[in-house]
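Coordinates in review
Residues per chain are reported as follows:
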Amino acid sequence: MTDFGQIGKLIIIAGVVLIAVGVLFLVLGRIPVIGRLPGDLVIRRDNITIYIPLATMLLISLLLTIILNLIFRR
């Protein structure tokens, strides 16, 4: 038997996390530097544009690592 209370809490937490990520994307979209860093690759050919945000991904990963280490430090 599963405990529906635990499943309900998990779904609520997942919803809050999704809302937080959505708000974060809205805020990051308004910062002009994010997504246009020197290490981001843009390949343009005829009708195709390929965008690979390497530097942006590294920066976000570093910031999230620092923040989560500060939050979950024992």
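For the structure itself, consult the block above.
In this report, the structure presented in the accompanying data block is examined. (Residues numbered from 1 in each chain as written. Predicted model: local features only at pLDDT ≥ 70, side-chain atom pairs only at ≥ 80, totals over all residues. Heavy atoms only, no water.)

1. Regarding the environment of Val 42
Relative to the assigned elements, Val 42 resides in strand β1 (residues 41-45). Considered as a pair, Val 42 and Pro 53 are eleven residues apart in the sequence and their alpha carbons are 8.2 Å apart. Residues within four places of Val 42 in sequence aside, it is in contact with Thr 49, Ile 50 and Tyr 51. (Helix = DSSP H or I, 4+ residues; strand = E, 2+ residues; numbered from the N terminus. Contact = heavy atoms within 4.5 Å.)

2. Re a nonpolar patch on the surface
There is a patch of nonpolar side chains on the surface, built from Leu 59, Ile 60, Leu 63, Leu 64, Ile 67, Leu 68, Ile 71 and Phe 72 and spanning about 740 Å² of accessible area. Here Ile 71 shows up in helix α2 (residues 54-71). (Patch = residues over 30% accessible without salt bridge, like charges linked within 9 Å, V, L, I, M, F, W, Y side chains within 5 Å. Areas by Shrake-Rupley, 256 points an atom, 1.4 Å probe, with all protein chains shown as cover. Salt bridge = Lys/Arg side-chain N within 4 Å of Asp/Glu carboxyl O.)

3. A word on the layout of surface pockets
The volume enclosed by the largest pocket comes to roughly 370 Å³. As for the largest pocket, its lining consists of 13 residues, and the residues nearest its centre are Leu 24, Phe 25, Leu 28, Ile 60 and Leu 64. At the level of elements, α1 (4-30) and α2 are the ones that each hand at least two residues to the lining of the largest pocket. In terms of residues, the lining of the largest pocket owes the most to one element, α2, which gives seven residues. Looking at the lining of the largest pocket residue by residue, the classes come out as eleven nonpolar, two polar and no charged. (1 Å grid on protein atoms, 1.4 Å probe; cavity = no way out; pocket = protein on both sides within 12 Å on 5 of 7 lines; lining within 4 Å. Points joined across faces, edges and corners; volume = space filled by probe spheres on them. Nonpolar A, V, L, I, M, F, W, Y, C, P; charged D, E, K, R; others polar.)

4. With respect to the pairing of strand β2 (residues 48-52)
Bridge count for β1 against β2 is five bridges, and the pairing is antiparallel. Each bridged residue has a counterpart across the sheet, and for Val 42 the counterpart in β2 is Tyr 51. Linking two consecutive strands that pair antiparallel, namely β1 and β2, is a turn of two residues; a positive phi of about 25° is found at Asp 46 within it. (Pairing = 2+ DSSP bridges.)

5. Comments concerning the environment of Tyr 51
Its location among the elements puts Tyr 51 in strand β2. When sequence neighbours within four positions are dropped, the list of residues in contact with Tyr 51 reads Gly 35, Arg 36, Asp 40, Leu 41, Val 42 and Thr 56. Among the polar contacts listed, one links the side chain of Tyr 51 to the side chain of Asp 40, at a separation of 3.2 Å. (Polar contact = N/O pair within 3.5 Å; in protein donor to acceptor, adjacent residues only side chain to side chain.)

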